[in-house]
Protein chains: 2
Amino acid sequence: MFTQSEENYLKAIFHLQQDVDGGVSTSSISELLQTKAASVTEMVKKLADKKLVHYQKYYGVHLTESGRAHALTIVRKHRLWECFLVDRLNFNWDEVHEVAEQLEHIKSAKLVEELDKFLEHPLYDPHGDPIPDADGNLPKRFKKKLSELKTGEQGVCKGFKDDSSAFLKFLAKQDIGLGTAIKVLNIEAFDESVTALADQKEISLSKTATNNIYVGN
Amino acid sequence: MFTQSEENYLKAIFHLQQDVDGGVSTSSISELLQTKAASVTEMVKKLADKKLVHYQKYYGVHLTESGRAHALTIVRKHRLWECFLVDRLNFNWDEVHEVAEQLEHIKSAKLVEELDKFLEHPLYDPHGDPIPDADGNLPKRFKKKLSELKTGEQGVCKGFKDDSSAFLKFLAKQDIGLGTAIKVLNIEAFDESVTALADQKEISLSKTATNNIYVGN
DNA sequence: ATAAAGTTTTAGTTTTACCTAAACTTTTAA
DNA sequence: TTAAAAGTTTAGGTAAAACTAAAACTTTAT
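Residues numbered from 1 in each chain as written. Chains lettered and ligands numbered in written order. Predicted model: local features only at pLDDT ≥ 70, side-chain atom pairs only at ≥ 80, totals over all residues. Heavy atoms only, no water.

Here the domain parsing of chain A yields domain 1 (4–63) and domain 2 (146–216). If you average the C-alpha positions of domain 1 of chain A and of domain 2 of chain A, the two centres end up 33 Å apart. (Domains from an automatic or database assignment.)

Rendered as structure tokens:
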């Protein structure tokens, strides 16, 4: 159906679309995928020919219904495989990304649905990212950031904006994971760094860190 | 490391090597992989450059130690994934091949070893084919064919020479699977077809069929 | 209004994996 | 034992995918 490269572009556009209201720019795609802008333009035209994106010269792209649907199946596969790797194969949450990047391109509808069943229809992956269902519906994402809590408030860690291995390793070192309860003890006035209580332990987090942690109840 | 195509050639050579004593011929590879002989010659030279095969013009190839080792890792992955698909994801044994052909190319040493552990170190895949261990040791294969049994003798089905979907579907229809006890009731003199008792049921099998069924005790 | 920033076009390159047809080698069997 | 048949290799391509540098163009920001 689609090449691996086409699928990677679709996924990139899908992710970039969430942070922008207009079209997704050529340069943002080229930065994310580490290619040159000219390569992106070429691929984007190919995707437009296949009706996967709407493309207006100089104004970026956005996914069509069909493009979004396909992007969601890739995201679904990626996140389901991450669950499998962490929950069943003892991978750490910071080791799964590269493997899931390969597994997400395996083509078999039955495989995805049986895997989903086997994992008992998880709603969130090990990083707290929502898993689309077979029809492309995304569970609600927790949008409140730890940095939005006031002194004395508390929240339960529900996900992360930055899923990089570096950030995840940092969190592991502070014993912060999905489900960890975090109470804000103090917010430093000058740099907005936070002193917090996470599972009995007092820790200190920069604004950069608190901006990348989503909380709920 | 290696491309998917290179891995497919290695695997093909590995399988063909088991049925021949000399080198594996260009034409047998081209027939198995559905390509032209000229393409095979080209790839074989590439593999020889990489020291994966020994190649003598006009006399075929055979795997080097390194080539065999790599072929075995692919076979290991293929068969482990088949176990996973059948034992954990409810695939039928005749549906797993194409998916396993994709999964066998996923590159992650940790994934293979964790999958093996998760499956509790299976020795044989769902078709009775032996699974190489992490060091490339193959469990013994059952070599006795059902066609070698005499009237009145009985054996337990241990594997199949022909793993094609067509043959596996045929077997399923006769209720023959791994572990099925089969007793030879009669061997027809003129075409060597066999009447047998398989799990209480009387069935009739052609010579072609009995030649493709391995039995043990 | 113009310079800077971003985008597209042009005109390639590289890699991988094919193919056909002609030339060559080995095998077979008369 | 030799010629034809069968199999293999070489030569000379093709095609697709993905990339690139540099020039031309469009938008935007001052």
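There's plenty left to go through after this.
Residue and element names in this part refer to chain A. Over its 24 residues, helix H4 (residues 65–88) extends 34 Å from the first C-alpha to the last, a length consistent with the 34 Å expected when each residue adds 1.5 Å. Across the 24 residues that make up H4, a large majority, 17, are buried. Looking one or two residues past H4, Asn 90 carries a phi angle of roughly 65°, positive in sign. (Helix = DSSP H or I, 4+ residues; strand = E, 2+ residues; numbered from the N terminus. Expected span 1.5 Å × (residues − 1). Buried < 20%, exposed > 50% of the residue type's maximum accessible area, 1.4 Å probe, protein only.)

Residues in close proximity to DNA strand D total 22 residues, the closest being Ser 5 and Ser 39 of chain A together with Lys 45, Tyr 55 and Lys 57 of chain B. Near the protein, meaning within 4 Å, the atoms of DNA strand D are sugar or phosphate in a fraction of 80%, with bases accounting for the rest. Ser 5 of chain A is positioned such that a nitrogen or oxygen atom in its side chain is 3.4 Å from a phosphate oxygen of DNA strand D. Within the side chain of Thr 41 of chain B, an N or O atom sits 2.8 Å from a phosphate oxygen of DNA strand D. Mapped onto the surface near DNA strand D, the elements with two or more residues apiece are helix H1 (4–17) and helix H3 (37–49) of chain A together with helix H2 (26–33) and helix H3 (37–49) of chain B. Ranked by residues supplied to the surface near DNA strand D, first place goes to H3 of chain A with 5 residues. For the surface near DNA strand D, the residue count by class is 9 nonpolar, 8 polar and 5 charged. (Near = heavy atom within 4 Å. Polar contact = N/O pair within 3.5 Å; in protein donor to acceptor, adjacent residues only side chain to side chain. Nonpolar A, V, L, I, M, F, W, Y, C, P; charged D, E, K, R; others polar.)

When two helices pack together, their arrangement is given by the angle between the helix axes and by the axis-to-axis distance. Residues and elements named next belong to chain A. Where H1 meets H4, the closest approach of the two axes is 9 Å, and the angle between their N-to-C directions is 95°. The angle between H1 and H4 falls in the class roughly perpendicular. Residue-level inspection shows Glu 7, Leu 10, Lys 11, Phe 14 and His 15 of H1 in contact with H4, the latter providing Gly 67, Arg 68, His 70, Ala 71, Leu 72, Ile 74, Val 75, His 78 and Arg 79. Partitioning the contact of H1 with H4 into residue classes produces 6 nonpolar, 4 polar and 4 charged. (Axes fitted to C-alpha atoms, helices over the stretch in contact; angles between N-to-C directions. Parallel < 35°, antiparallel > 145°, perpendicular 65-115°, else oblique. Contact = heavy atoms within 4.5 Å.)

DNA strand C sits among 22 residues. The nearest are Lys 45 and Tyr 55 of chain A together with Ser 5, Ser 39 and Glu 42 of chain B. The contact atoms of DNA strand C, taken as those within 4 Å of the protein, divide so that sugar and phosphate hold 80%. At 2.7 Å from a base nitrogen of DNA strand C is found a side-chain nitrogen or oxygen belonging to Glu 42 of chain B. The side chain of Tyr 58 of chain B places a nitrogen or oxygen atom 3.4 Å from a sugar or linking oxygen of DNA strand C. Contributions of two or more residues to the surface near DNA strand C are made by helix H2 (26–33) and H3 of chain A together with helix H1 (4–17) and H3 of chain B.

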